[in-house]
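# Examination of the molecular architecture
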Amino acid sequence: MKIQRSSLATDSTLYVVPTPIGNLGDMTPRAVEILNMVDIIFAEDTRVTKNLLSHFNIQNKLKSYHSFNEEVVAKEIITNLNDKLNVAIVSDAGLPAISDPGFFVVNLALEAGFSVVSLPGANAALTALVASGIPSERFYFYGFLKHKKSQKEKELLSLVDFKDTIIFYESPHRIKETIDIMYKVFKNRKVVIARELTKRYEEYIRSDLETLSKEELNLKGEIVIVVSGADIASDVLKLNELTIEEHYNYYINQGMDRKDAMKQVAKDRNISKSEVYKILINDPL
Ligand code: SAM
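Described in the following lines is the structure provided in the data block. (Residues numbered from 1 in each chain as written. Predicted model: local features only at pLDDT ≥ 70, side-chain atom pairs only at ≥ 80, totals over all residues. Heavy atoms only, no water.)

Next up on the list: the packing of helix 10 (residues 244-253) against helix 11 (residues 258-269). A packed helix pair is summarised by two numbers, namely the angle formed by the two axes and the spacing between the axes. Here helix 10 crosses helix 11 at 130°, and the two axes come no closer than 9 Å. Viewed along their axes, helix 10 and helix 11 adopt a mutual orientation that is oblique. Considering only the axes of helix 10 and helix 11, their crossing is right-handed. On helix 11, the residues touching I244, H247, Y248, Y251 and I252 of helix 10 are R258, A261, M262, Q264, V265, D268 and R269. Among the residues forming the contact of helix 10 with helix 11, the class breakdown is 7 nonpolar, 2 polar and 3 charged. (Axes fitted to C-alpha atoms, helices over the stretch in contact; angles between N-to-C directions. Helix = DSSP H or I, 4+ residues; strand = E, 2+ residues; numbered from the N terminus. Parallel < 35°, antiparallel > 145°, perpendicular 65-115°, else oblique. Left-handed = near helix turned anticlockwise from the far one by under 90°. Contact = heavy atoms within 4.5 Å. Nonpolar A, V, L, I, M, F, W, Y, C, P; charged D, E, K, R; others polar.)

Structure follows, in structure tokens:
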């Protein structure tokens, strides 16, 4: 067990500093203070961070830290911490380590015994969630899905029974395909596309997957997708309107084996397995 009391951190601390996701007004005073105070800042894209620093009149040493050089630079950061320097990491927008580089160096710094202090601030997923109108009490942040259609479908299938809200990041080029696959896999559910958050053309499209799957969705900018979780109770009610054979075939098509599908049908309909079996006798186990 290791206990870190951040208020006692004097030197050799790694600061994880959030930056705005579009609106510079969302830079926190504490983020500015820490970026002024540390000895060196490691940034995902130094050109992006240079502009940010100059806007806030922060003059500090800036070095590159992105996903391609993450492991090498993480070691350099540890060397800096060993040299009793304070270090900050920032990404292009939002919280480092959330669909951005950061986790690797945080972990390495902790293993080496240094304090890691994270500052709260802008984050696209949470910003979208709280205004989505989709339950926010429990949710699952998924981040980016894989690009390949078949892999994306497989990833979504693994989430199909998940009851809580799910948040995805997506690019505008892939949004149409992603919504269509979501509709295919999740069937109809509430969905919100939150676009260009905190920026001039901020937009929330609050709809459902069936409606959106019929739209062109020629969208630009940065996008968060918030989807409601599986409504198992109502799904089961709908399944119970099918014949037992159709009900069983539904689970088979979802990838269940025959025995599990039969068990599930029995459970959904509150009948015994042998009753289901009798009806499915033409499709014996
Ligand atoms: N670390 C960031 C965070 O804390 O939100 C996320 C970085 S990730 C590389 C970038 C993705 O976040 C974008 O492709 C988009 O899905 C989402 N995103 C970032 N800024 C956004 C914004 N202003 N509006 C909507 N989505 C945004």
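Okay, the sheet that holds strand 4 (residues 87-90) next. Strands sit in the order 3-2-4-1-5 across an open sheet of 5 strands; the sheet is parallel. In this open sheet, the two edge strands, each paired with only one partner strand, are strand 3 (62-64) and strand 5 (115-118). Ignoring strand direction, the axes of neighbouring strands in this sheet form an average angle of 25°. Pairing between strand 1 (residues 13-16) and strand 5: 4 bridges, direction parallel. Bridging from a neighbouring strand, V16 pairs with S118 of strand 5. (Pairing = 2+ DSSP bridges.)

Let's shift gears to the nonpolar core. Grouped together as the largest cluster of nonpolar side chains are 21 residues, with contacts concentrated most on L156, F168, I179, M182, F186 and I225. Broken down by secondary-structure element, the contributors of at least two residues to this core are strand 7 (165-170), helix 7 (175-186), strand 8 (190-195), helix 8 (209-213) and strand 10 (223-227). Per-element tally for this core: the top contributor is helix 7, with 6 residues. When neighbours within four sequence positions are excluded, M182 is seen to be in contact with L145, L156, F168, K187, L209, I225 and V227. (Core = buried A, V, L, I, M, F, W, Y, C linked by side-chain atoms within 4.5 Å. Buried < 20%, exposed > 50% of the residue type's maximum accessible area, 1.4 Å probe, protein only.)

An order of 6-7-10-8-9 is seen for the 5 strands of this open sheet, with the pairing classed as mixed. Edge strands, defined here as strands with exactly one partner in the open sheet, are strand 6 (139-144) and strand 9 (203-208). This sheet shows a mean twist of 15° between the axes of neighbouring strands, independent of strand direction. Two strands pair when backbone bridges link them, and strand 7 and strand 10 are joined in this way by 5 bridges, in the antiparallel orientation.

Tallied over the entire structure, the rule returns 6 aromatic pairs. Note on Y140 and Y142: the rings are 6.0 Å apart at their centroids and 80° apart in plane angle, and the pair reads as edge-to-face. On the basis of relative accessibility, which here comes to 33%, the residue Y140 falls in the partly exposed class. The interplanar angle of 45° and the centroid separation of 5.1 Å between the aromatic rings of Y140 and F162 together place this pair among those described as tilted. Residue Y140 is located in strand 6, and its partner F162 is located in the loop between helix 6 (149-157) and strand 7; the two are separated by 22 residues in the primary sequence. Positioned above the aromatic ring of F186, the side-chain terminus of R189 is 4.1 Å from the ring centre. (Phe/Tyr/Trp six-rings, centres within 6.5 Å; stacked < 30°, edge-to-face > 60°. Lys NZ or Arg CZ within 6 Å of the ring centre and 35° of its normal.)

What surrounds the ligand is a group of 19 residues, the closest being I98, N123, Y169, L197 and I223. Between the ligand and I21, the relevant distance is 2.9 Å, taken from a nitrogen atom to a main-chain nitrogen or oxygen of the residue. Across the complex, the protein chains shield 90% of the 580 Å² of accessible surface that the ligand would expose by itself. Of all the secondary structure elements, the ones that give two or more residues to the shell around the ligand are strand 7 and strand 10. When residues of the shell around the ligand are assigned to domains, at least three map to each of domain 1 (13-118) and domain 2 (124-227). (Near = heavy atom within 4 Å. Polar contact = N/O pair within 3.5 Å; in protein donor to acceptor, adjacent residues only side chain to side chain. Areas by Shrake-Rupley, 256 points an atom, 1.4 Å probe, with all protein chains shown as cover. Domains from an automatic or database assignment.)

What follows concerns the side chain of R195. For R195, the location among the structural elements is in strand 8. A residue is classified by how much of its surface remains accessible, and R195, at 12% relative accessible area, is buried. In this structure the side chain of R195 is engaged in a polar contact, spanning 2.6 Å, whose partner is the backbone oxygen of K220.

Before going further, it helps to spend a moment on unusual backbone geometry. Positive phi values are uncommon outside glycine, yet N57 reaches one of about 60°. On the secondary structure map, N57 appears in the loop between helix 2 (46-55) and strand 3.

Function-wise, these values are silent; they only describe arrangement.
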